[in-house]
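The lines below spell out each chain.
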Amino acid sequence: MDQTSLFEEEKPDVQETGDRVCVLVPYPVGKEYDYLVPSDLSVSAGDYVCVPLGNREVTGVVWRQAIGDGDIASKKLKSVISKYSIEPMSKVNREFIDWVAGYTLSMKGSVLKMALSSSAGLNPPRASRGFRINIDLYVPDKGLTPKRKKVLEIMADMKTRKASEIADLAGCSPAVIKAMADKNMLSEVSIYNIAPCLYPKSDGCLAKLSEDQKIIADELRKDVCYGGFSVSLLDGVTGAGKTEVYFEAVAQALKENKQILILLPEIALSNAFLERFKRRFGCAPALWHSHLAPAQRRDSWRGVAQGDTRVVVGARSALFLPYKNLGLIIVDEEHDPAYKQEDGVIYHARDMAVVRANLGKFPIILVSATPSLETMMNAWEGKYKHLVLPSRYGGAFLPDISVVDLREDKPECGCFLSKTVLEKVQESLDAGEQSLLFLNRRGYAPLTLCRTCGHRMECPRCTAWLVAHKRSGCLHCHHCGFHSAVPKHCPSCNDIDSFAACGPGVERIFEEVKQNFPDARIMVLASDTAESNEELKSMLDKIISGDVDIIIGTQIIAKGHHFPNLTFVGVVDADLGLKGGDLRAAERTYQMLHQVAGRAGREHKKGCVMLQSWFPDHRIMKAMAGNRRDEFLSVEAAEREEAGMPPYSRLAGIIISGREESSVIDVAKSLGKTSFQGVTKEGAYIQTLGPAPAPMARLRGKYRYRLLVRADKKINLQKTVSSWVSGVKVPSNVRIYIDIDPQSFL
Ligand code: ADP
Ligand code: ZN
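Residues numbered from 1 in each chain as written. Chains lettered and ligands numbered in written order. Predicted model: local features only at pLDDT ≥ 70, side-chain atom pairs only at ≥ 80, totals over all residues. Heavy atoms only, no water.

A separate point is the site of ligand 1. Residues in contact with ligand 1 amount to 14 residues; listed here are only the nearest, Lys208, Gly239, Lys242, Thr243 and Arg276. A distance of 2.7 Å separates an oxygen atom of ligand 1 from a polar side-chain atom of Arg276. Among the residues making up the shell around ligand 1, the classes are represented as 5 nonpolar, 5 polar and 4 charged. (Near = heavy atom within 4 Å. Polar contact = N/O pair within 3.5 Å; in protein donor to acceptor, adjacent residues only side chain to side chain. Nonpolar A, V, L, I, M, F, W, Y, C, P; charged D, E, K, R; others polar.)

Negative phi characterises most residues that are not glycine, and trans characterises most peptide bonds. Put simply, Pro646 and Pro647 share a cis peptide bond, and its omega is 5 degrees. Positionally, Pro647 belongs in the loop between helix H17 (629-643) and strand S28 (650-658). Phi at Asn257 is positive, roughly 65 degrees, even though this residue is not glycine. Here Asn257 is to be found in the loop between helix H7 (242-255) and strand S9 (259-263). Positive phi outside glycine occurs at Glu333, with the angle close to 50 degrees. (Helix = DSSP H or I, 4+ residues; strand = E, 2+ residues; numbered from the N terminus.)

Right, let's get into the coordination of the zinc ion (ligand 2). Those donors, Cys459 (SG), Cys462 (SG), Cys477 (SG) and Cys480 (SG), are the protein atoms that reach the zinc ion (ligand 2), and they lie 2.3 to 2.4 Å from it. Between consecutive donor residues of the zinc ion (ligand 2), the sequence gaps follow C-x2-C-x14-C-x2-C. Of the two residues, Cys477 and Cys480, neither departs from the other in class, the shared state being buried. (Donors = N, O, S within 2.8 Å, 3.2 Å for Na, K, Ca; no water. Buried < 20%, exposed > 50% of the residue type's maximum accessible area, 1.4 Å probe, protein only.)

Turning next to a positive patch on the surface. Together, Arg461, Arg659, Arg700, Lys702 and Arg735 make up a region of like positive charge exposed at the surface. The residue Arg461 is located in the loop between strand S19 (447-450) and strand S20 (467-469) in this model. On the basis of relative accessibility, which here comes to 33%, the residue Arg461 falls in the partly exposed class. (Patch = residues over 30% accessible without salt bridge, like charges linked within 9 Å, V, L, I, M, F, W, Y side chains within 5 Å. Areas by Shrake-Rupley, 256 points an atom, 1.4 Å probe, with all protein chains shown as cover. Salt bridge = Lys/Arg side-chain N within 4 Å of Asp/Glu carboxyl O. Lys, Arg positive; Asp, Glu negative; His and termini not counted. Charge placed at Lys NZ, Arg CZ, Asp CG, Glu CD.)

On to the sheet that holds strand S26 (residues 566-571). In spatial order, the strands read S17-S27-S26-S18-S25-S24; together these 6 strands make up an open sheet with parallel pairing. One side of each edge strand has no neighbouring strand; the edge strands of this open sheet are strand S17 (400-405) and strand S24 (522-525). For this sheet the average axis-to-axis angle between neighbouring strands, irrespective of direction, equals 20 degrees. The pairing of strand S18 (residues 434-438) with strand S25 (residues 550-553) spans 4 bridges and is parallel. (Pairing = 2+ DSSP bridges. Axes fitted to C-alpha atoms, helices over the stretch in contact; angles between N-to-C directions.)

Once that is clear, we can look at the nonpolar core. Counting 165 residues, the largest nonpolar core has Tyr246, Val250, Ile262, Leu525, Ile557, Ile656 and Leu671 as the members making the most contacts within it. Ranked by the residues each element gives to this core, the list is headed by H7, at 8 residues. Apart from the residues within four sequence positions on either side, Val250 is in contact with Ile260, Ile262, Phe281, Val311, Leu328 and Ile330. Core analysis: the next-biggest nonpolar cluster, separate from the first, contains 23 residues, Leu437, Val524, Ile550 and Ile552 among them. (Core = buried A, V, L, I, M, F, W, Y, C linked by side-chain atoms within 4.5 Å. Contact = heavy atoms within 4.5 Å.)

Here the focus is the side chain of Thr375. Mapped onto the fold, Thr375 is located in helix H11 (residues 373-380). Thr375 sits in the buried class, given a relative accessible area of 2%. Non-local contacts of Thr375, meaning those with residues more than four positions away in its chain, are made with Leu233, Glu334, Arg350, Leu366 and Tyr384.

Turning to the sheet that holds strand S32 (residues 734-740), a few remarks are in order. Ordered by their spatial adjacency, 5 strands build an open sheet running S29-S30-S31-S28-S32, and the pairing between neighbours is antiparallel. With partners counted over all chains shown, the strands left at the sheet margins are strand S29 (678-679) and S32, one partner each. Both S28 and strand S31 (residues 702-711) contribute to a ladder of 9 bridges, which runs antiparallel. For Leu651, the partnering residue across the bridge sits in S31 and is Arg710. The strands that helix H18 (residues 661-673) touches are S28, strand S30 (685-699), S31 and S32; relative to S31, the one it contacts most, it runs at about 10 degrees.

On to the domain arrangement of the protein chain, then. By the assigned domains, the protein chain splits into domain 1 (3-116), domain 2 (127-192), domain 3 (211-394), domain 4 (396-441 + 504-637) and domain 5 (650-740). Opposite the 4 residues of domain 1 that make contact, domain 5 presents 6 residues. Taken over both partners, the interface formed by domain 1 and domain 5 buries close to 390 Å², and the fraction arising from carbon and sulfur atoms is 66%. Taken as a group, Tyr103, Thr104 and Leu105 account for 96% of the area that domain 1 buries against domain 5, more than any other trio of residues on that side. At the junction of domain 1 and domain 5, the tally comes to 0 salt bridges. When its residues are assigned to classes, the side of domain 1 that touches domain 5 shows 2 nonpolar, 2 polar and no charged. (Domains from an automatic or database assignment. Buried area = accessible area lost by both parts, 1.4 Å probe.)

What follows deals with the packing of aromatic side chains. Going through the model one piece at a time under the given rule, you end up with 11 aromatic pairs. Geometrically, the ring pair formed by Phe96 and Phe320 is stacked, given 5.3 Å between the ring centres and 25 degrees between the ring planes. Of this pair, Phe96 sits in helix H1 (residues 91-104) while Phe320 sits in the loop between strand S11 (311-314) and strand S12 (326-332), and the two are 224 residues apart along the sequence. With respect to burial, Phe96 and Phe320 carry one shared label: buried. Judged by centre distance (6.2 Å) and plane angle (75 degrees), the rings of Phe676 and Trp724 are edge-to-face. Here Phe676 is found in the loop between H18 and S29, whereas its partner Trp724 is found in helix H19 (residues 717-726), with 48 residues between them in sequence. A residue is classified by how much of its surface remains accessible, and Trp724, at 4% relative accessible area, is buried. Taken together, the ring pairs connect Tyr246, Phe247, Phe273, Phe277 and Phe281 into an aromatic cluster. (Phe/Tyr/Trp six-rings, centres within 6.5 Å; stacked < 30°, edge-to-face > 60°.)

Following the criterion strictly, the structure yields 39 salt bridges and no others. Note that Glu219 is salt-bridged to Lys385, the shortest N-O span being 3.1 Å. Of this pair, Glu219 sits in helix H6 (residues 211-226) while Lys385 is found in strand S16 (residues 385-389), placing the two residues 166 residues apart along the sequence. The class of Glu219 is partly exposed, set by a relative accessible area of 26%. A salt bridge links Asp405 to Arg407, with the shortest nitrogen-to-oxygen separation between them at 3.0 Å. A relative accessible area of 15% places Asp405 in the buried class. Among the ionic contacts, a cluster of salt bridges with common partners joins Glu587, Arg619, Glu636, Glu639 and Arg640.

What follows covers the packing of H7 against helix H8 (residues 271-281). Closest axis-to-axis distance for the H7/H8 pair is 11 Å, and the angle between their directions is 50 degrees. Considering their axes alone, H7 and H8 lie oblique with respect to each other. Judged by the twist between their axes, the crossing of H7 over H8 is right-handed. Contact residues: H7 offers Thr243, Glu244, Tyr246, Phe247, Glu248, Val250, Ala251 and Leu254, while H8 offers Phe273, Arg276, Phe277, Arg280 and Phe281. Split by residue class, the contact of H7 with H8 holds 8 nonpolar, 1 polar and 4 charged. (Parallel < 35°, antiparallel > 145°, perpendicular 65-115°, else oblique. Left-handed = near helix turned anticlockwise from the far one by under 90°.)

So, in C-alpha cells, the structure goes:
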C-alpha cells in the first residue's frame with residue numbers, strides 16, 4: 001500500500017501571534033478551514049479547538065499550520081475561540097485519518113468524526129473521591145482485621161485510588177475503606193484521573209505455555225521489543241491457545257510503555273473474554289463499542305487520548321480513537337465480516353488496522369482459525385509472518401465431523417432434523433452431555449406464503465420477505481424493523497387463513513426438539529432472545545453450569561464461547577450461506593461452519609459434529625469433514641484467480657440510492673454511460689458491470705441501483721473512480737455510496 005506522508009514536517013513550537021491554522025471539523029467536509037489564532041492563545045498542530053462555523057461554535061482539530069496567506073484575506077477570516085486542555089492529537093492519528101479518507105473516498109471530516117466520538121471527553125473530568133494511605137499514621141502490628149491489613153499493604157505504594165478500585169484489589173467491600181477513612185488510616189483526596197485500565201500488570205497470572213506456544217510467543221515478543229512495522233498471522237484451530245499467546249505480546253507492549261488495541265468482532269466482546277483479561281492483567285481493559293454508557297465513553301476516550309489508558313478492547317470503531325502512544329494492535333477473528341462497516345464511512349477495520357500499524361511503525365497480529373483468503377494470500381506470499389499453532393491446547397481432540405445427506409436421511413414432512421441427528425442428541429442426553437443445534441436464522445419461519453395463490457409476505461419498504469416470529473406473534477423485516485400481524489385475508493387473493501410458514505428459524509426448531517425430547521431442558525439463543533448483555537450473560541452461565549441440555553442457537557453462540565460439557569453440534573442447514581451467489585459465499589460458509597464446529601468437545605470429551613446438507617459432495621462439506629482447510633483455500637484461490645476476482649483484482653461497488661426511482665435510474669444510467677471498459681493506456685484491465693437494480697432493490701423505502709468496477713491491481717482505483725463519479729450530476733434526492741473492496745453485494 002502507498003504510505004506516502006501527506007504532511008509537511010511538523011513544527012512543534014508554539015506559533016507566532018496572528019498566525020493562521022488549518023482546522024478540520026468533524027462534519028462531512030473534504031478539507032480543513034483556515035482560522036486566525038488570537039494573540040492570547042497558543043495553538044499547535046493536533047490541538048483540539050473550538051472554532052466558529054457558520055453561526056455555530058464547533059470542536060475541531062488543528063490539522064497543520066497554514067502555509068502562506070491562503071486564498072482568503074486575513075480580515076475575512078474568523079478566529080479560533082478557545083483550546084481544550086487535553087493532549088493534542090498526534091501526527092500519526094491525523095495521517096491515519098487523511099489516509100482512510102483518501103482510501104475509502106470519504107470526506108476527511110467524516111473520518112475525523114469517528115475519532116471525536118465523545119465530545120464530553122474533551123473536558124477534564126470533575127474531581128472524584130479517592131483515598132491515599134495516611135503517611136502520618138502509626139499502625140500497630142496487632143489489632144488489625146485481615147482485610148484492613150490487606151488494604152494497607154496495597155496502599156503502601158502511596159498511590160491514590162478510588163474506593164471501588166481498592167475494594168477490588170483487596171477483595172473487601174467499600175464499607176471497609178470508608179471505615180478506615182473514618183479512623184484516619186486512609187486520607188480522602190480528590191482525584192481527577194479516572195481513566196480505565198490505568199495499571200494493568202504485565203506479569204499477572206502466567207499460564208505455562210506449551211512448546212509450540214512458547215516459540216510463537218517469543219517471536220511476537222521480539223517484534224514488540226524491536227518495534228517497527230510487521231504483520232503476523234496467528235493461525236490455529238479453535239482452542240489452540242491463540243489468545244494465551246497474544247496476551248504475551250500484550251504483556252510485552254505494556255513493559256515497553258505502549259498502548260495496546262485488541263479488536264474483536266462486536267459479538268465476541270463477551271464477558272468471558274473480559275474475565276480472562278482481568279485474570280491475566282489484574283484489571284479490566286477499557287471497553288469500546290456501540291452500547292457504552294456516555295460516562296464510560298467519555299472516560300475511555302479521554303484516557304486513550306491522554307495516554308493513561310493502556311489497553312483498549314473494542315469493536316472496529318476503536319481503531320479511530322486518538323491514541324497517544326499506540327504500539328500494538330491485535331485483530332482477533334480477523335476473517336469476521338463484522339469488521340466491515342457498511343454505512344457512513346465504508347471501511348474494513350482489519351485492513352485499516354494494518355495501515356494504522358504501518359503509519360505508527362509497530363507490529364500488528366491477525367488472529368484466526370479460518371483466515372480470510374486475502375490474509376492467507378499475504379501469508380503465502382511471505383508478506384505476513386505465518387505463525388501456526390497446529391493442535392488444541394492440552395491434548396483436547398478436534399471433533400469428528402460428518403455430513404448428513406438430507407436426500408437420503410430426509411426429515412419428516414414439516415420437520416428439519418434428520419434421524420441421525422435426533423439419535424445423536426438422544427445419545428448426548430443419555431450421557432448427560434450437551435448438544436447445540438445451530439441455525440443462523442432468527443424467528444420461526446423465513447417465509448410466509450398463501451397456500452391458495454402463492455403470495456409471499458414481503459416488507460413494504462425492502463426487497464425482503466417478512467420473517468414470522470412466534471414470540472411476538474408478528475411478521476418482521478430483519479432489515480428495517482417493519483412489523484405487522486399476519487393478515488386474516490391474503491392481500492392478493494383475499495382467501496381466509498390461508499397462510500403457511502415455510503422453512504425453519506430457531507423458534508421452529510425449538511418446537512421440533514420439544515416434541516422429540518419433551519423432558520429435556522432446551523434454550524433458544526438468538527439476538528432477540530438475549531436482548532441485553534446481562535440476559536446473554538445469564539443464559540451463557542446457565543449453559544456452562546449445566547442447566548441446559550439442548551441449545552438452539554444462531555451465530556451469537558457460534559464464536560468464542562467455551563462450554564466444557566458440550567459434545568455434539570448439529571448444523572441444521574449447512575447449505576444456508578451458499579445461497580445468494582456472493583463472491584465470498586463459500587469462504588464465509590466454511591468459516592462459519594468451522595467456528596460452530598469448534599464449540600464441540602473443547603475439554604476431555606471428544607466432540608462430534610454433523611452437518612445436514614442437500615449437497616454432501618460440495619467441496620465445503622468435503623473440506624469440513626476431512627479437516628482440509630488449506631486445500632479448500634487453495635481451490636478457492638484458484639477459482640478467484642480464474643475469475644479475475646479479489647484478491648487477484650480490486651473491486652469498487654457504486655450504490656445509487658434515493659426515494660424517487662426515476663432519479664435513481666437517471667443517475668445510474670449517466671454513470672453507466674461514462675464508465676470504464678477495456679484496457680487502459682498502461683495496459684491494465686478495467687471493467688464496469690451494471691448499472692442494474694441491486695439484489696436489495698429497495699431498502700428502508702429507498703430504491704437502489706448498483707455498478708461494480710473490477711480493475712487490475714496496478715490501477716489506481718480510487719483516483720479512477722472518484723474522477724468518474726464526480727463527473728456525473730447528482731440531484732439532491734439521490735445519494736451515491738462508494739464501497740472500496742466491497743464485502744456485501746446486496
Ligand atoms: P484460541 O484462542 O486458540 O481459541 P484459547 O487461548 O482460548 O484458544 O485456549 C483454549 C483453552 O485452553 C482456554 O480455556 C485456555 O485457557 C486454555 N489454555 C490455552 N493455553 C494454555 C496454557 N498455556 N496453559 C493453560 N491453559 C491454556
Ligand atoms: Zn424492511
